[in-house]
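Given next are the chains, with one letter for each unit.
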Amino acid sequence: TFLTSFGSLGSGNGQFNFPYDVTVSADGYVYVADRNNHRIQQFASDGTFLATFGSSGTGDGQFQYPWGVAVDADGYVYVADRNNHRIQQFASDGTFLATFGSSGTGDGEFRYPWGVAVDADGNVFITDTGSNRIQKFNPVLNNWTGTGTWSNTSHWSNGNPPNNYTHATIASGTATVSGTVGVANLTLENGTSIVIPTGNVLEVSGDLTNNGGTISGNGTLRFIQAGTQDLTGSLSFAGTVAIVNGATLQTNDNLILEEGAILFHGTGTTGGGGNLMGNVTTSRTGNSGNAYNGWSSPIAGASTALLGSKKYIYDESQPYGEARWIAAGGSMTAGVGYFAVGAGTPSFTGSPLEGTINVNLSYTGSHPADERGYNLVGNPYVGPLDYATFIGANAMIAGSLYFWDDDNSTGSDYTNADYAVMNGVGATGPNSGKNLSAIPSHQAFFVQATSGGSLTFNNAMRAGSGNATFLRQNTSPIARIRLAVTSEANQYSETLIGFLSEATDGIDRLYDAPKLKGNTALSFYSKLQGVDYVIQGLPPLNKDRIITLGLDVAKSGDYSIQAIALEEIEESYMILLEDTQTGEFYDLQQTTPAFALEAGKDIQRFALHLKQARITGLPEKLSDEKLAIHANTERIQIFFAQESDIRQADVIIYNLQGQMVASFPDQYIRQRQLSLSCTLPSQVYVLQLLTNQGIISKKIYPSNP
């Protein structure tokens, strides 16, 4: 029964000049070999014109009288390019993929090929009309052999790397991804490997079959095809697995996300947005023995049995102390944190969590202010959470997060000194906590509620980096000073001070982190309005400042104070520690002073002075002359760089109050050095050289000879 017709004579879209062959794909698209127009036209099943590709010529994607056309089960289009004596392969949208054949009578050569057909196995049959024969070919495959970069054409059997429309097999060796590359169906044979380094991306638009190979590296494996993509064969990966919007990855329970791996899926996830079907296995390595870790589960319904025999949740409503730690059992609740002893490396298998997750917060107003509102929660996703987005979405909590960061006492002292702290200034902690850049997966942490309510986790909070350290902030250029105190028994505590435009001299939710209450062997903090802070945020450093420091010391002994990190602090500033008991100053950029301290709490003996090294009334420094200064309390030696042409200078030495303490006029520089005899107490000074080229200012700290 006649149904319809379409087309007419001509060269416009939907017109034909001697249409010679027609085929229909499995998804209903109609392809017509428009012979004398030297093109292929694509139509919907009702004859609606969709697209055209090809033109007259001999280049890739061009034709000389295309006579035959066929489509395989994957939607690839094969065209018998008659007068060019070859077969061309295209993606369903007309993108040129490959060509094979040339003029001749040998195997794989053609004389005027007219017809083409593809069987269910993908084998290609060609009517080689001029040679009176049929030739059969294997499916057009692109095999990788050897070791090298993915884009290296010599390793691919087709002479070109695959793209999002072409299949590929890693047949032997190792292919290393550079940049963003694509492939349709991807197969890894036994013993082969693909490496995706950090910052590089492998996009898969088809199925991924692993027959015993590996994919390694910390780059991104991205699934991009609308519809369902199958993972066949077990695959472990430590990088980022991203499923884009519209794509669905069917894991068939074969995906193993290694330590530090990230999974992006679910609506609203940056870099993700797609769906995942099937189970995933993910793990983290925690402490063994008697040491604790804070855990959360990124898998729906995971059992608390994974955390060993000793695991606890935290109940803020109970009196402060051990009464708040309640034995945990049953299934782990999404978004809730757990503490466990010696859990080792538990593996969580099941459906990975995504979407909005709410956790009810406890806030008991009758508790003292420094004991109320603390709730143990946990990252519910396979991948890190962005601190700023998390805090911004949860106005009912303070801006500081507390992470258990064991000081390696392995069970001999569980105290609040073992917490790392993160806020908008940065992170600080006794162990690896100072490396925090985001909230890692599987990680439990304390928040302090300022009222009752519900804490929210959602896909918009999921971050693209910062998942490397389990426990393990801000990458913007915040000026920061990290100070640490160490006892003679190697007990350690640190405090962080940051300077940023959003902070004030008062108490800021996002930038000031109180020191957790508790009896500690050693605790170091700064003071603000009578409160102890482990992190303090202040306005930008554009004037001299004095910051009061505090110490809790359980045992008398010797303690050293050190500036362990200075970030974005201008060179013009001196970082000075004042011992208010002796009146002495120490330049923390040059020395690590030690002090004998008596046991006690809230010892406010020390103050941090941030002081610009300029002396009032003198010209600005005009030269960055390279020189070295060796100073002790009896002699100062100045060594000039080889290229220096300074021959004479006045030398003046000032104390930090701007008073001149020594002067050496008209000093001649011989053999690029200057030696000055003087008597100076051991403290910080500013040495200035007045030359005919300008003034050079340097800080000095004379040592004992």
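Structure's up top.
No experiment lies behind these values; they were computed from the predicted model shown.

(A) Expanded view of the overall build of the protein. Looking only at helices and strands, one finds 1 helix and 61 strands in the protein. On C-alpha atoms alone, the protein measures out to a radius of gyration of 35 Å, which is more than a quarter above the 27 Å that the 2.2 N^0.38 rule sets for 705 residues. Burial statistics for the protein: of 705 residues in total, 52% are counted as buried. Of the accessible surface of the protein, which amounts to about 29,600 Å², a share of 46% is contributed by carbon and sulfur atoms. Between the mean site of the 37 positive side-chain charges and the mean site of the 61 negative ones, the protein shows a separation of 5 Å.

(B) Focus on the packing of aromatic side chains. This structure, assessed with the given rule, holds 28 aromatic pairs. Between Phe 16 and Phe 43 the ring centres are 5.7 Å apart and the planes differ by 55°, which places this aromatic pair in the tilted class. One end of the pair, Phe 16, is in the segment before β1 (19–24); the other, Phe 43, is in strand β3 (residues 39–43), with 27 residues separating them in the sequence. The exposure classification of Phe 16 matches that of Phe 43, with both residues buried.

(C) Expanded view of the pairing of strand β41 (residues 444–448). Of all 5 residues in β41, 5 are buried, a share of seventy percent or more. Residue alternation in β41 divides its side chains into two sets, Ala 444, Phe 446 and Gln 448 and Phe 445 and Val 447, and both sets are buried. One ladder, built from 5 bridges, connects strand β37 (residues 374–378) with β41; its direction is antiparallel. In the sheet register, Leu 376 faces β41, and the bridge partner there is Phe 446.

(D) Inspection of the pattern of salt bridges at higher detail. A complete count under the given rule lists 11 salt bridges for this structure. Its salt-bridge partner being Glu 567, residue Arg 480 comes within 3.0 Å of it at the nearest N-O pair. Taken together, the residues Arg 480 in strand β43 (residues 479–487) and Glu 567 in strand β49 (residues 557–567) connect sequence positions 87 residues apart. With a relative accessible area of 26%, Glu 567 lands in the partly exposed category. The closest approach of N and O atoms between Asp 579 and Arg 605, which form a salt bridge, is 2.8 Å. With Asp 579 in strand β50 (residues 573–579) and Arg 605 in the loop between β53 (600–603) and β54 (606–612), this residue pair connects regions lying 26 residues apart in the sequence. Residue class for Arg 605 comes out buried when judged on its relative accessible area of 13%. One salt-bridge network, in which partners are shared between bridges, spans Lys 527, Asp 532 and Asp 602.

(E) Molecular detail of the sheet that holds strand β60 (residues 685–691). With antiparallel pairing, the 4 strands of this open sheet are ordered in space as β58-β57-β60-β61. Across the chains shown, the open sheet's two edge strands, defined by having one partner strand only, are β58 (660–668) and β61 (694–700). Here the strands of the sheet are splayed against their neighbours by 15° on average, with no regard to which way each runs. As judged from the 6 bridges shared by strand β57 (residues 648–654) and β58, these two strands associate in the antiparallel manner. Residue Ala 649 lies in a different strand from β58, and its bridge partner there is Gln 667.

(F) Summary view of the sheet that holds strand β2 (residues 30–34). Strand order across the open sheet formed by 4 strands is β1-β2-β3-β4, with antiparallel pairing between neighbours. Two strands bound the open sheet, and with one partner strand each, they are β1 and β4 (49–53). With strand direction ignored, the average angle separating the axes of adjacent strands in the sheet is 20°. Sheet topology places β2 next to β3; 5 bridges connect them, and they run antiparallel. Looking across to β3, one finds that Ala 33 is bridged to Ile 40.

(G) Examining the nonpolar core more closely. Ranked by size, the top nonpolar core spans 36 residues in total, and within it Phe 499, Leu 551, Leu 608 and Leu 610 carry the most contacts. The element contributing the most residues to this core is β50, with 5 residues. In this structure, Ala 328, Ala 343, Tyr 381 and Leu 385 belong to the second largest nonpolar core, which totals 35 residues.

(H) Structural view of the environment of Tyr 492. Summarising the element assignment, Tyr 492 is placed in strand β44 (residues 492–499). Taking the C-alpha atoms as reference, Tyr 492 lies 9.8 Å from Ser 560; in sequence the two are 68 residues apart. For Tyr 492, the side chain forms a polar contact with the side chain of Glu 494, separated by 2.5 Å.

(I) Structural view of the side chain of Arg 605. In terms of polar contacts, Arg 605 uses its side chain to reach the backbone carbonyl oxygen of Ala 596, at 3.3 Å. Non-local contacts of Arg 605, meaning those with residues more than four positions away in its chain, are made with Glu 578, Asp 579, Thr 580, Gln 581, Phe 595, Ala 596 and Leu 597.

(J) A look at the side chain of Asn 37. By secondary structure assignment, the location of Asn 37 is in the loop between β2 and β3. At a separation of 2.8 Å, a polar atom in the side chain of Asn 37 contacts the side chain of Asp 34. Not counting chain neighbours up to four residues away, the residues in contact with Asn 37 comprise Gly 10, Ser 11, Gln 15, Phe 16 and Asn 17.

(K) Inspection of unusual backbone geometry at higher detail. Even without being glycine, Phe 18 reaches a positive phi, approximately 65°. Positionally, Phe 18 belongs in the segment before β1. Here Phe 18 falls in the partly exposed class, since its relative accessible area comes to 43%. Non-glycine residue Asn 490 carries a positive phi angle of around 65°. Overall, Asn 490 belongs to the exposed group, its relative accessible area being 65%.

(L) Fine view of the pairing of strand β46 (residues 522–528). Of all 7 residues in β46, 7 are buried; the element is thus mostly enclosed. A two-sided burial pattern is seen for β46, the buried positions comprising Leu 522, Phe 524, Ser 526 and Leu 528 on one face and Ser 523, Tyr 525 and Lys 527 on the other. One ladder, built from 5 bridges, connects β46 with strand β48 (residues 545–553); its direction is antiparallel. The partner of Ser 523 across the bridge, within β48, is Asp 552.

(M) Looking closely at the environment of Ile 262. Within the element layout of this structure, Ile 262 appears in strand β28 (residues 262–264). Here the alpha-carbon distance between Ile 262 and Thr 248, two residues 14 residues apart in the chain, equals 17 Å.

(N) Looking closely at the environment of Val 69. Position of Val 69 among the secondary structure elements: in strand β5 (residues 66–71). In this structure the C-alpha to C-alpha distance between Val 69 and Val 22, which are 47 residues apart in sequence, comes to 6.4 Å. Ignoring anything within four residues of it in the chain, the contact list for Val 69 reads Asp 21, Val 22, Thr 23, Tyr 31, Ala 33, Val 77, Tyr 78, Val 79 and Val 116.

What counts, and where the lines are drawn
Think of each chain on its own: its residues are numbered from 1, step by step along the sequence as written. Only residues with pLDDT of at least 70 get local features here, since the model is predicted, and only at 80 or more are side-chain atom pairs given and counted; chain-wide, interface and lining totals rely on the full set of residues. The basis for every side-chain value is the complete set of heavy atoms in the structure, and neither hydrogens nor water enter the calculation. In this description a helix means any DSSP run of H or I spanning at least four residues, a strand means any run of E spanning at least two, and both kinds are numbered starting from the N terminus. The quantity called the radius of gyration is restricted to C-alpha atoms. Its globule counterpart is 2.2 Å times the number of residues to the power 0.38. For every residue, the accessible area obtained with a 1.4 Å probe (protein chains only) is divided by the maximum for its type, and the residue is called buried under 20%, exposed over 50%, and partly exposed between those limits. Per-residue and other accessible areas were derived by the Shrake-Rupley procedure at a 1.4 Å probe size, with only the shown protein chains allowed to occlude residues. Think of it this way: Lys and Arg go in the positive column, Asp and Glu in the negative one, and His and the chain ends go nowhere. Every charge is mapped onto a representative atom, which is NZ of Lys, CZ of Arg, CG of Asp or CD of Glu. A pair of aromatic rings is counted whenever rings of Phe, Tyr or Trp (Trp by its six-membered ring) have centres within 6.5 Å, and the orientation is called stacked for planes under 30 degrees apart, edge-to-face for over 60 and tilted otherwise. A pair of strands counts as paired when DSSP detects no fewer than two bridges linking them. Counted as salt bridges are all cases of a side-chain nitrogen of Lys or Arg within 4 Å of a carboxyl oxygen of Asp or Glu. The axes used here are C-alpha line fits, helices contributing only the stretch in contact, and every angle between their N-to-C directions lies in the interval 0 to 180 degrees. Among buried residues, those of type Ala, Val, Leu, Ile, Met, Phe, Trp, Tyr and Cys that are joined through side-chain atoms within 4.5 Å constitute a nonpolar core. In protein, a polar contact requires one atom able to donate a hydrogen and another able to accept it; more generally it is a pair of N or O atoms within 3.5 Å, and residues adjacent in sequence count only if both atoms are side-chain atoms. By definition, residues are in contact when any of their heavy atoms lie within 4.5 Å.

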